[in-house]
Amino acid sequence: MTKSEEPLVSIIMNCYQGEKYLQIAIESVLAQTYHNWELIFWDNQSTDSSAEIFKDYNDERFKYFYAPKHTRLSEARNYAIDEASGDYFAFLDVDDWWEAEKLEKQIPLFNDKDVGLVYGNYWLVNEKKKTNKLTHKKELPTGFILDELLSKYVVGLLTLVVRRQAFI
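Chemist: I keep staring at the overall build of the protein chain and nothing clicks. Help me out?
Modeler: Within the protein chain one finds 6 helices and 8 strands. The order of helices and strands in the protein chain, counted from the N terminus, is β-α-β-α-β-α-β-α-β-β-β-α-β-α. Looking at the 168 residues of the protein chain, the share that counts as buried comes to 44%. Accessible surface, the protein chain: about 10,300 Å² in total, of which carbon and sulfur atoms supply 52%.

In structure tokens:
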């Protein structure tokens, strides 16, 4: 499948004072083996060097937006989603990063028209304690699991890809 045949994924990245980890997050997007994506970068009025770091990348898929006022993270995410063009939304905060095959593994699961979202497990890294741990030891639930997701909330936002129509 060529890039033009692959569905477009809008990666939503919100930023407020994110300079410490921003480059790692961006590099993990650029390393994706799935290539048909756009990066919606919502700058929530950062005063650090986040904007400069982002703008140093010369990639036509990168889209920079500066918030007219600082808002809560959930509101900022919604503003960023309003700017997205993709068939799917994926979320990556500036202090997180993805494995290179993340989108390549998740997007084909949407070939089943009943699939509204796909998620996975993730590692929790604690810099101060110098530890890494997998967040869920048991197998994650699959299928029609809305009630289970709402009651146990096993979803890490950085793993989530959601179909635009399901989101709406």
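After presenting the structure, the write-up continues.
Chemist: What should I look at first to understand helix α1 (residues 19-30) in this one?
Modeler: Along an α-helix, residues three or four positions apart point the same way, because every turn accommodates 3.6 residues. Given a rise of 1.5 Å per residue, 12 residues ought to cover 16 Å, and the 17 Å separating the end C-alpha atoms of α1 matches this to within 8%. Check the buried side of α1 and you find it contacts β1 (9-15), β2 (37-43), α2 (50-55) and β3 (62-66).

Chemist: Where do I start with the pairing of β2 in this structure?
Modeler: Along any regular strand, the residues point their side chains to alternate faces of the sheet. Of all the 7 residues making up β2, 7 are buried; the element is thus mostly covered by neighbouring parts of the structure. Residues Trp37, Leu39, Phe41 and Asp43 of β2 are buried on one face, and the alternating residues Glu38, Ile40 and Trp42, pointing to the opposite face, are buried as well. Judged from the 7 bridges that link them, β1 and β2 form a sheet pairing that is parallel. Paired with Met13 across the strands is Phe41, a residue of β2. Judged from the 5 bridges that link them, β2 and β3 form a sheet pairing that is parallel. The residue bridging Leu39 from the neighbouring strand is Phe62, located in β3.

Chemist: Got a minute to help me understand the nonpolar core in this structure?
Modeler: For soluble globular proteins, nonpolar side chains are generally found buried alongside one another. Core analysis: the largest hydrophobic core is formed by 28 residues, its most contacted members being Val9, Ile11, Met13, Trp37, Trp98, Leu103 and Ile107. Breaking this core down by element, the ones donating at least two residues are β1, α1, β2, α2 and β4 (88-91). The residues touching Ile11, leaving out its near neighbours within four places in the chain, are Val29, Trp37, Glu38, Leu39, Ile40, Ala90, Leu92, Trp98 and Leu103.

Here is what the cut-offs are and how they apply
- Residues numbered from 1 in each chain as written.
- Predicted model: local features only at pLDDT ≥ 70, side-chain atom pairs only at ≥ 80, totals over all residues.
- Heavy atoms only, no water.
- Helix = DSSP H or I, 4+ residues; strand = E, 2+ residues; numbered from the N terminus.
- Buried < 20%, exposed > 50% of the residue type's maximum accessible area, 1.4 Å probe, protein only.
- Areas by Shrake-Rupley, 256 points an atom, 1.4 Å probe, with all protein chains shown as cover.
- Expected span 1.5 Å × (residues − 1).
- Contact = heavy atoms within 4.5 Å.
- Pairing = 2+ DSSP bridges.
- Core = buried A, V, L, I, M, F, W, Y, C linked by side-chain atoms within 4.5 Å.

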